[in-house]
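The residues making up each chain are set out below.
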Amino acid sequence: MPLADLYRGSCQPSDLGPDRGSLRNLYQQFGECESRSSERSRSRGNSSDGTQEPDDTNLWPFVNWAPVFFNACGMPAEQYAHALSQPLVVGTACTGSAAPSFALDQIVGAHNFSEVIASESHATTRKWLLENRNMHHLYHDLAFARTGGQCQVHHQHCPPMPLPSDKEGEGQARLDIYISGFVCKNFSQENNVRFQHSDVRELFISANIETARKAKPFLETSRFIRKYAPKVAILENVFGLAKRSSKTSSTDEFQAPIDFVLRGSVREAGTDHDEPIGLQLIPGYAMDMFRLKSKDFGAGQTRSRIYFIMVHHSVGDQNTLDHIGALLQTFAASMPATSVWDAVDYVKCCKHDWTPEEEDLDQSDVVGGKTRESFDKAKADLGMDTSSYEEYRAFTLLCKQRDSTWPRGLNGREIEQLDIIYHLLPIAERSRVVTDVVKSLGRRAWRSDGLSPTLTTNSKIFDFRNEKLLNPAEMMALQGFDVSQIHFSGYKRSFFSLLSGNAMTMPVIGGCLLAVLLTTALRSEFRSCVTEEPQSGLAQSDDDDQDDATDASGSSSNFPQHLRDEWPTLAHSGSGYSSSELEWLYNAPPGRVL
């Protein structure tokens, strides 16, 4: 199938899919107001208490996303289930829940790739990874793949990964794909001190031990890519990476953390030499970045992440990244919208006991400090400061009457917060609301559009419709995991909050991996259906404006007009923008979308 035909479905302007490349796009869209749309259309018709049995055909698309993506390309999924001429060689770092490996299981099958290295700093997560995945080496420190260190697979010190060689019989085969979800704590909006810095470099080079520890994964990711030159590298992080601190100046070299990620350097210890760390400073790669939203890829939650995709010149170029962007648009447009209740229904149909081990929580009504002040203010605003206890706590008292085990997994503050939210909501919305009760009342972390708030590492998602917390399997399903393939027993709820909050959304990372495999020269089998490149432009419908095939310079373009950047892509953006341009970028009004 010609690529031009394959991309036809991605040519229409849409709010689905990736926002591409330039810093201008990313800076403008930070702070974009999420529209509170009407409840998402359900992918299935039965109610949340339905008992429809799952089958193997096009049900639960947020879990069985690979066939949807293959179908969107007009390609038979079974074609890639056969043994490849050479299995893919894969390395991962800080992926939390091994989403890239689970995704490759769906795309090519476990027999067609080998995960030679992995790293994870959290001890319980390492234990879970060893139970659920099969990697050659697993380190607690990302740097050990490069320097050697204690391996959790072999229970001994293992040497560093051999340097790659393109000559047969020498060294190790070059990594085909390297995926890193480097730690986001320094950049996340969940971090209370995130925007207190006056210099972006303080987030990466700091005398503060904790800050330096959280910055290390990115530094080591960059060093690994520079040393081992994987054919493709995919990096993921929070969209907060693109937000600047109010304390930085428009004349500063680095306006936001993403500037350092792209162009930063660190001083090598004991020398006056600067070590280049920025991704744009790594030679031999074409690179672009995409803002991808989980809800656009069929997952029932709000989650916005930046994906950096780097393609080595031996397997692709900047044009390859254009094709990857178009495929991501196609994949996003092919996924039906789903809600949090689809995940609940899916897990219910799996017919397993997902009851987690619960921590002992203080469920008393004693709530003090600033939380008590905010609760009392909310009561006064609601006109309930003189109400009886029974009236004020009506919702949770009813829940306890209906279920003797309620409120399993909740503490006293979270229980009272549910009552306040219940009274704040219009009656018609109460059965449609999902909230993260860990977040303070002032965060207004609830939604009535069928989507869950973004899962974080300590989330407790409460579903007012079913009057319960989402269980671990439902939280993993919100990230697109096939829960039948996961070990749940022996772990507490808080662990799966961590696991799901750290996870890459499966259809999103899966879409990135499939797009990479279909467009690069990693393996010839993946391009067997792609017989030709687009010629003078994408195939256009009768309604398309033929003038869109030519850009402002008069040159023909292979990329849809509405996806082309108004500013140069990263690979051609030079040293950055002027101070006046940056001022405009960072102060773009909320809600403005290019």
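About the thresholds
Residues numbered from 1 in each chain as written. Predicted model: local features only at pLDDT ≥ 70, side-chain atom pairs only at ≥ 80, totals over all residues. Heavy atoms only, no water. Helix = DSSP H or I, 4+ residues; strand = E, 2+ residues; numbered from the N terminus. pLDDT = per-residue confidence, 0-100. Contact = heavy atoms within 4.5 Å. Buried < 20%, exposed > 50% of the residue type's maximum accessible area, 1.4 Å probe, protein only. UniProt positions renumbered as here; feature names shortened; annotations may be inferred. Core = buried A, V, L, I, M, F, W, Y, C linked by side-chain atoms within 4.5 Å. Polar contact = N/O pair within 3.5 Å; in protein donor to acceptor, adjacent residues only side chain to side chain. Expected span 1.5 Å × (residues − 1). Axes fitted to C-alpha atoms, helices over the stretch in contact; angles between N-to-C directions. Parallel < 35°, antiparallel > 145°, perpendicular 65-115°, else oblique. Left-handed = near helix turned anticlockwise from the far one by under 90°. Nonpolar A, V, L, I, M, F, W, Y, C, P; charged D, E, K, R; others polar. Pairing = 2+ DSSP bridges. Phe/Tyr/Trp six-rings, centres within 6.5 Å; stacked < 30°, edge-to-face > 60°.

Along the chain, Trp406 connects to Pro407 via a cis peptide bond; the corresponding omega equals 10°. Within the element layout of this structure, Pro407 appears in the loop between helix H13 (394–402) and helix H14 (412–424). Positive phi outside glycine occurs at Cys94, with the angle close to 55°. For Cys94, the position within the fold is in the loop between strand E2 (88–93) and helix H4 (99–107). The backbone of His155 shows a phi angle near 55°, a positive value even though the residue is not glycine. Mapped onto the elements, His155 comes out in the loop between strand E5 (149–151) and strand E6 (156–158).

Take the confidence of the model for the protein chain next. Confidence in the prediction for the protein chain averages 76 pLDDT; 70% of positions are at 70 or higher. Put simply, helix H1 (residues 3–6) is where the protein chain has its lowest mean pLDDT, 33, and strand E7 (residues 177–180) is where it has its highest, 96. When the criterion is pLDDT under 50, residues 1–58 qualifies, and its contacts beyond four places in sequence or with other chains add up to 184 contacts. In this model, residues 530–594 is a region of pLDDT below 50 whose contacts with residues beyond four sequence positions or in other chains number 128 contacts.

As a further point, take the environment of Phe297. Its location among the elements puts Phe297 in the loop between strand E11 (285–293) and strand E12 (304–312). Accessibility expressed as a relative area gives 0% for Phe297, which makes it buried. For the pair Phe297 and Val508, spaced 211 residues apart in sequence, the C-alpha separation works out to 6.2 Å. Discounting residues that sit within four places of it in the chain, Phe297 has contacts with Phe69, Leu292, Leu328, Phe331, Ala332, Met335, Pro507 and Val508.

UniProt tags residues 495–518 as "transmembrane region" (unreviewed entry). Secondary structure content for residues 495–518 is 88% helix and 0% strand, while the C-alpha to C-alpha distance between its ends is 35 Å.

Trp128, Ile234, Ile324, Phe331, Tyr346, Ile509 and Leu513 are the most contacted members of the largest nonpolar core, which totals 84 residues. When residues of this core are assigned to their parent elements, the largest contribution, ten residues, is made by helix H17 (residues 506–519). The residues touching Ile509, leaving out its near neighbours within four places in the chain, are Ala99, Pro100, Ala103, Ile179, Ile234, Tyr307 and Met504. Membership of the second largest hydrophobic core comes to 45 residues, among which are Phe182, Ala233, Leu235 and Phe308.

So, on to the side chain of Asp449. Relative to the helices and strands, Asp449 is located in the loop between strand E14 (446–447) and strand E15 (461–463). According to the relative accessible area criterion, Asp449 is buried, its value standing at 4%. Reaching out from Asp449, the side chain makes a polar contact with the side chain of Arg447 at a distance of 2.5 Å. A polar atom in the side chain of Asp449 sits 3.1 Å from the backbone nitrogen of Leu451.

Turning our attention to H17. Helix length check: H17, at 14 residues, gives a terminal C-alpha distance of 20 Å against a target of 20 Å (1.5 Å per residue), a fit within 8%. Among the 14 residues that make up H17, 14 are buried, leaving the element largely enclosed by the rest of the structure.

All right, on to the packing of H4 against H17 then. At a minimum axis distance of 9 Å, the contact between H4 and H17 shows a crossing angle of 60°. Taken together, the axis directions place H4 and H17 in an arrangement best described as oblique. Regarding H4 and H17, the two cross each other, and that crossing is right-handed. Between H4 and H17, the residues in contact are Ala99, Pro100, Phe102, Ala103, Leu104, Gln106 and Ile107 and Met506, Ile509, Gly510, Leu513, Leu514 and Leu517, respectively. Looking at the contact of H4 with H17, its residues break down into eleven nonpolar, two polar and no charged.

Take the sheet that holds strand E13 (residues 434–436) next. Strand order in this open sheet of four strands is E14-E13-E15-E16, and the pairing throughout is antiparallel. Edge positions in the sheet fall to E14 and strand E16 (468–469), since each has one partner strand and no second. Sheet topology note: the E15/E16 ladder contains two bridges and is antiparallel. Looking at E16, one finds that Phe462 is bridged to Leu469.

The tally for this structure, following the rule as stated, stands at 21 aromatic pairs. Relative to Trp128, the ring of Phe102 lies with its centre 6.4 Å away and its plane at 50°, an arrangement referred to as tilted. Here Phe102 is found in helix H4, whereas its partner Trp128 is found in helix H5 (residues 123–132), with 26 residues between them in sequence. One exposure class covers both Phe102 and Trp128, and it is buried. Look at Phe224 and Tyr228: their rings are 4.6 Å apart centre to centre, the planes differ by 35°, and that puts the pair in the tilted class. Taken together, the positions of Phe224 and Tyr228, both in helix H7 (residues 209–228) and four residues apart, correspond to about one turn of that helix.

Turning next to the pairing of E12. Burial runs high along E12: nine of the nine residues are buried. Where strand E8 (residues 232–238) lies against E12, seven bridges are found, and the strand directions are antiparallel. Looking at the pairing, Leu235 lines up with Phe308 of E12. The sheet contact formed by E11 and E12 spans nine bridges and is antiparallel. Looking at E12, one finds that Asp288 is bridged to Ile309.

Turning next to the environment of Val344. Tracing the chain through its elements places Val344 in helix H10 (residues 340–350). Leaving out residues up to four positions away in the same chain, Val344 has contacts with Asn466, Leu470 and Glu474.

Time to look at the pairing of E2. The buried fraction of E2 is high, at six of six residues. The two faces of E2 match: Leu88, Val90 and Thr92 on one face and Val89, Gly91 and Ala93 on the other face are all buried. Pairing of E2 with strand E3 (residues 113–119), which is carried by four bridges, proceeds in the parallel orientation. When the sheet's bridge partners are listed, Val89 is paired in E3 with Ser114. Examined bridge by bridge, E2 and E7 share four bridges and lie parallel to one another.

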